[in-house]
Protein chains: 2
Amino acid sequence: MPTLASRSASLTPFFTPNGVAIIGASRDASKLSYGIVRNLVDPEHRYPGPIYPVNPKAGEILGLKCYPDISAVPDPVELAILILPAPMVPGAVDACGRRGIKAAVIISGGFREIGPVGAAREQEIVAIAGHYGMRLMGPNGIGVIDTHTPLNTTFVKGMPPTGHIAFLSQSGALCGGVIDWTIGRGIGFSRFLSVGNEADVNETDLLPFLAADETSRVITLYLEDVKGGPAFVDALRQAASRKPVLAIKSGRTAGGQAATASHTGALAGVHAAFRAACKQTGVIEVESIQALFNGALALAYQPLPAGNRIAILTNAGGPAALAADALEEAGLSLARTSPDTQAVLRSFLIADAQVAGPVDLLGGANEHDYRRALQAVLTDPAVDGVLAILVPQALVNAVAVVEAIGAVAAAQPASARPVLACLMGEASLDEAFKAAHAAQIPAYTFPEDAVAAFGMLWQRARRLQIADCRLQIADRNTQHAARSTQHAARSTQHAARTTPSALLAAYDIATPPEALATHPDEAATFARQIGFPVVLKLISPDILHKTDVGGVILNVQDEAAVRAGFETLVGRAAATHPGTAVTGVQVQKMIRGGQEVIVGVKRDATFGPLIMFGLGGIYVETLRDVSFRLAPLTPDDVAEMIDEVRSAKLLTGVRGAPPADRPALIEAIVRIGQLAAEHPEIVELDVNPLLVLPKGQGAVAVDVRIILG
Amino acid sequence: MPTLASRSASLTPFFTPNGVAIIGASRDASKLSYGIVRNLVDPEHRYPGPIYPVNPKAGEILGLKCYPDISAVPDPVELAILILPAPMVPGAVDACGRRGIKAAVIISGGFREIGPVGAAREQEIVAIAGHYGMRLMGPNGIGVIDTHTPLNTTFVKGMPPTGHIAFLSQSGALCGGVIDWTIGRGIGFSRFLSVGNEADVNETDLLPFLAADETSRVITLYLEDVKGGPAFVDALRQAASRKPVLAIKSGRTAGGQAATASHTGALAGVHAAFRAACKQTGVIEVESIQALFNGALALAYQPLPAGNRIAILTNAGGPAALAADALEEAGLSLARTSPDTQAVLRSFLIADAQVAGPVDLLGGANEHDYRRALQAVLTDPAVDGVLAILVPQALVNAVAVVEAIGAVAAAQPASARPVLACLMGEASLDEAFKAAHAAQIPAYTFPEDAVAAFGMLWQRARRLQIADCRLQIADRNTQHAARSTQHAARSTQHAARTTPSALLAAYDIATPPEALATHPDEAATFARQIGFPVVLKLISPDILHKTDVGGVILNVQDEAAVRAGFETLVGRAAATHPGTAVTGVQVQKMIRGGQEVIVGVKRDATFGPLIMFGLGGIYVETLRDVSFRLAPLTPDDVAEMIDEVRSAKLLTGVRGAPPADRPALIEAIVRIGQLAAEHPEIVELDVNPLLVLPKGQGAVAVDVRIILG
């Protein structure tokens, strides 16, 4: 296997190849393969290297000399685009390998997505390409656009404007819609990647490449099915540490999954795992295509805010009120301009203008008013960013206003603040939107969309702030890791060959003193040694849910009660499960006080162990108030996952209860995550309850249930 | 006061006047008043009656003869548009009244929104108009557009296309943005109303008028501040019973409220009350302007679905997967086509097309494929509506596809199903969007927006289904109302002159047996009479929160304990509130079992008594898991408000608890609502806890706290 770095380097020819061959190019303008050649030679963004159509039956296409086969193509040629009937593709891939082609985009369908025959064909082309060290993108995708090279291997009509947003899509058809929309909106892109079936190159390979690409300031992802979960999570983390990454994943719901499955021929992973991966890596997950690009636009072209106080500059009160509502709902706040700023604004605005709260310049405001007001607000220490709203007015030149906003925003010193625009309208604002894009001011039609984009700027800013904090506690994590290795060494036993309590103990997760008795007298002796009161639990391989059969007796106070309890439990087992084998009765120290929580593990097919946290009883069972993260977990991950659970406020000590031992809870969840990560044979695990005792007294795993794969 | 019906009738001249005068019309094209005349005479939508510019200094404007003042204007003239400096407006209103003008739109600002001087001026013009029986719209609004008359009293450039959506806005500036957007999008409107300061005509007056207007199929509202809550709620209910009403309200958050206050000079009401009003009247509340019109478009032009199973027809898998996710998240479900339909689809689609789940016609699908597929899916009994998705393809004619969709949708028989379109793109889809509007097929750029519109169709359909059910239980409600009258008769006492328990008892709300003791021996006697165990509560006018000072002793078992408890409570009062007056100790029957809930009342300044429901303890205090409705309440309102609370699942009997007495809980909340509605002197009331006993055993108000205004 090549290393990740060399795998990345081998992707360069997909974006900046020296010479491109189109195998299967047609002269018929109604064919998709003709569209590819047309895109490559389009005068407005012509690929600058040599272009070689390959077609044994044509002499020339669009003025380019045609070659009968790839072996006849002269140097230099690095990239091949294959658009042939599927049965011809393996032979063509082999011919490319022999010719020394480094990278091939396979547009053709007829592979894994059509069933077993296609899947075998897909395996065949991967094997052939591997033999030659050639990389494949696709099949069943529309290929690559690099607006900076420029290079366009797709047959889609039109090319997105040059810009700084990278887009990777697992749906080729979606790309066509997005390209058409971005051209209409004037949204600029750096790279467009349609990865198709991902027979070879997938998103895990491409993320480092996009992260390193200087023309791409933001990475956007449309995903349906993720392969190689942990490596993908690492790639996300690396990429998101360098630049903003936004993602939308279909198959979030059962219905969406069905749609995905029939589309890509692969079952989508559980969404909880993907969502956890985004949270842990700092990826911004969105739930609509529009939000994906609205956010990307802001992140590509504006600086991050240092805080969440957003000032509103407007010529209309209604949209400002809607924006102010949206700010609060997005976790931002409306900046209140300082008295100094208000005085400056008063000095040139008309008397009725509002200068506190949203700065309302009123309907007559022109470009000079916007310029001076924006200058004043942008230098106010109480302001972290500005949303400039313009409703078209018969006597106001919207383009001039937008240009003034752009000039003031661009003239800021190093510690620049973000400026977004809401241009509320359409018929009369075409030129104003174009002017905004030209000035790198992201512009939105509705105030709610502009605020959502600000929300993403702030989400990214906070993430980087947290990342800084995390560096400072790196030492602590290093110590943690060292201890973890010790644990692993101590727990080399396979989970199946030890008791659940012993397994937890190997990870320094506290459990109550306990012993397994096979006779009433033995139980009484154990209880005396452990100390009263105790809990008695029926242990039987046939009975997984003890409480359902009355298999647990709490608060047993003396030896006589222990003996009686033993008999009762064995009797209940016989009554509910006639003929069952009873292993014995577990005698456990009864722990009093504390707050019951549940920590669970579920192994996700794609992403590995998914850890769940919630409060005990009805909070999980009835209210489904839980959060998820992927193991291994950092203490910061766990702190976030606790804070995400609404009922976790109970741990802070409400209604007279003492605050619970939060550090011990965090430690216990981190260790359960380690245990899950280091024992792949565990498919499900429930610590229920984990009893979190008052501050300083720790957390105890009272009952554990493990299901092995 | 005129009746509501006559108030409505008097609004006709705002929409279909016989003659319009523009007082303050200017010949200067840079003036807003010139813009009004320009809109009235615009050849494409010229107002068909006589137009009279009034300006003492001009001879003619835009070819119209000018009059020196309103008294000189000849018959017929019914509507005046005033655009003058504010100080001149009262005189002009008086002149209009003398001339016999029936309705005046006052565009001028300089009234309530600028402070006390303006507020006095506003009162003055209302008084003058009232003297003549003349109705005023505004001041400080941009007036009226009726696209069917046609009539446009605004100065906004452009006129929305003729259509069937009515829009009422409390922000004039917002209208300019919306008009510009609707022109760009080709969204048709019937009426546009900018009501300004609502000195006279307000939304409560206008709603019946829009409800009765046959050109308006849907009513959309942008609100900042609502006047006359209960009458407004009635108007909403009446309107929503006739046609769909959608509303967005700014000032939903503290930040948004500040923005509203500085804009309209009026504090916005609490949003919980507005939200409750929408739920109880069947108004669809949205949270963005885009959602307002996306939903209105669907409701105006498509039939309601009979169920929530939406089929997807697409030429691209990715957008279909996103739509399927969005369906589930919006409470809809992806229709699965029946085997018969699948066979029909198979008969003409290419082999790789998907016919179950989303019907994926694949990228080459043309108008014939869409036509036949839509015909098949629309007649499938497993389908309640169809979302047709089109991603532009180089070789597919998007306009032809849209026309095919429109033709099939229009050719449906009486039991028609709704069809919406997602045209994913922009640059190449301009004509396709126009074709969709022409065919009355609502079209959206992104699948998520199309699904949100379907969600609103389904929300409306469900509401009408529920309304049908409600008619069937009208008898029960009538009986209820009769009993309510008895209660009211029994509770003529002012709340301040009775005990809280007596007040509840007057409404047949059960309370535990209780008595107020002023001596330990008296307490012991009462306890014996009531029956043990009892609860002892400290009663003092100085101590509102008894539990905070240890002022409640539960589960007192005998007379000696009652005497001791009495002394303990009095001692605690002395210790925590030295010198306080202790009224006595209340002896109350201790009720065992049941689920604690809280029912609260808060009188909203605009909407009257707002009723809160939640579960006791941490569910309200820590988790804030509550719901609100406005009194008076129907049993259906209460059932909905209970089901909205997540933790109310506990009432169904979880973890071995018996199910709670839901009918008794509903009855108790309805009665508390009656009590609150009939006692305006109560500003706050908490029944905490209301103990809901097991099924058939009722609900008991254990403690009540009332704050009088």
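Residues numbered from 1 in each chain as written. Chains lettered and ligands numbered in written order. Predicted model: local features only at pLDDT ≥ 70, side-chain atom pairs only at ≥ 80, totals over all residues.

A count of helical and extended segments in chain A gives 23 helices and 30 strands. C-alpha atoms of chain A, sized along the principal axes, occupy 95 × 80 × 45 Å. The buried share of chain A, taken over its 709 residues, is 54%. Considering only residue pairs separated by 6 or more positions, chain A has 71% of its internal contacts joining residues 24 or more positions apart. (Helix = DSSP H or I, 4+ residues; strand = E, 2+ residues; numbered from the N terminus. Buried ≥ 20, exposed ≤ 12 C-beta atoms within 10 Å, placed from the backbone. Contact = placed C-beta atoms within 7 Å.)

Residue and element names in this part refer to chain B. Most of strand S12 (residues 218-223) sits out of view: six of its six residues are buried. Of the two faces of S12, the one carrying Val218, Thr220 and Tyr222 and the one carrying Ile219, Leu221 and Leu223 are both buried. By the bridge criterion, five bridges tie strand S10 (residues 162-169) to S12 in an arrangement that is parallel. Note on S12: the bridge partner recorded for Ser169 is Tyr222. One ladder, built from five bridges, connects S12 with strand S13 (residues 245-249); its direction is parallel. Residue Thr220 lies in a different strand from S13, and its bridge partner there is Leu246. Crossover handedness for the path S12 to helix H7 (residues 229-242) to S13: right-handed. (Pairing = 2+ DSSP bridges. Right-handed = clockwise from strand over helix to strand, strands pointing away.)

Here we take up the sheet that holds S10 of chain B. With mixed pairing, the seven strands of this open sheet are ordered in space as S9-S8-S11-S10-S12-S13-S14 (chain B). The open sheet is flanked by strand S9 (151-152) and strand S14 (284-285) of chain B, the only strands paired with a single partner.

So, about unusual backbone geometry. The amide bond that connects Asp75 of chain A to the next residue, Pro76 of chain A, takes the cis arrangement and shows omega of -10°. Within the fold, Pro76 of chain A resides in the loop between strand S4 (64-65) and strand S5 (79-82). The omega angle of the peptide bond from Thr149 of chain B to Pro150 of chain B is -15°, so this bond is cis rather than trans. Note that Pro150 of chain B resides in the loop between strand S8 (143-146) and S9. Even without being glycine, Asp508 of chain A reaches a positive phi, approximately 55°. Residue Asp508 of chain A is classed as partly exposed on the basis of its 15 C-beta neighbours within 10 Å. In this model, Leu62 of chain B sits at a positive phi of 50°, which is unusual for a non-glycine residue. You can see Leu62 of chain B is positioned in the loop between strand S3 (60-61) and strand S4 (64-65). A count of 15 C-beta atoms within 10 Å places Leu62 of chain B in the partly exposed class.

Moving on to the relation of the copies chain B and chain A. The transformation that overlays chain B on chain A combines an axial shift of 0.0 Å with a rotation of 180°, and the residual RMSD is 0.1 Å. This pairing of chains is accounted for by a two-fold axis. Of the C-alpha atoms belonging to chain B, the one lying closest to the rotation axis is found on Tyr619 of chain B, 5.2 Å away. By residue overlap, the copies meet face to face through one surface: 100% of the interface positions of chain B are interface positions in chain A. (Least-squares fit on C-alpha atoms with pLDDT ≥ 70 in both.)

Once that is clear, we can look at the interface of chain B and chain A. Where interface size is given, it is often the accessible area lost as the parts come together that is meant. Each partner contributes to the interface: chain B provides 77 residues, whereas chain A provides 78 residues. The set of elements that each furnish at least two residues to the side of chain B that touches chain A consists of helix H5 (172-185), helix H8 (254-264), helix H10 (289-301), helix H11 (317-329) and strand S16 (333-334) of chain B. In terms of residue count, H11 of chain B provides more of the side of chain B that touches chain A than any other element does, eleven residues in total. In terms of residue class, the side of chain B that touches chain A is built from 33 nonpolar, 30 polar and 14 charged. (Nonpolar A, V, L, I, M, F, W, Y, C, P; charged D, E, K, R; others polar.)

You can read the domains of chain A as domain 1 (4-297), domain 2 (303-468), domain 3 (514-589) and domain 4 (595-708). For domain 2 of chain A and domain 4 of chain A, the distance between their C-alpha centroids amounts to 43 Å. (Domains from an automatic or database assignment.)

Before going further, it helps to examine the packing of helix H3 (residues 89-99) of chain A against helix H4 (residues 116-132) of chain A. Residue and element names in this part refer to chain A. Interhelical geometry of H3 versus H4 gives an angle of 5° and a closest axis separation of 9 Å. With respect to H4, the element H3 is oriented roughly parallel. Within the contact between the two elements, H3 uses Val89, Pro90, Val93, Asp94 and Gly97 and H4 uses Arg121, Glu124, Ile125, Ile128, Ala129, His131 and Tyr132. (Axes fitted to C-alpha atoms, helices over the stretch in contact; angles between N-to-C directions. Parallel < 35°, antiparallel > 145°, perpendicular 65-115°, else oblique.)

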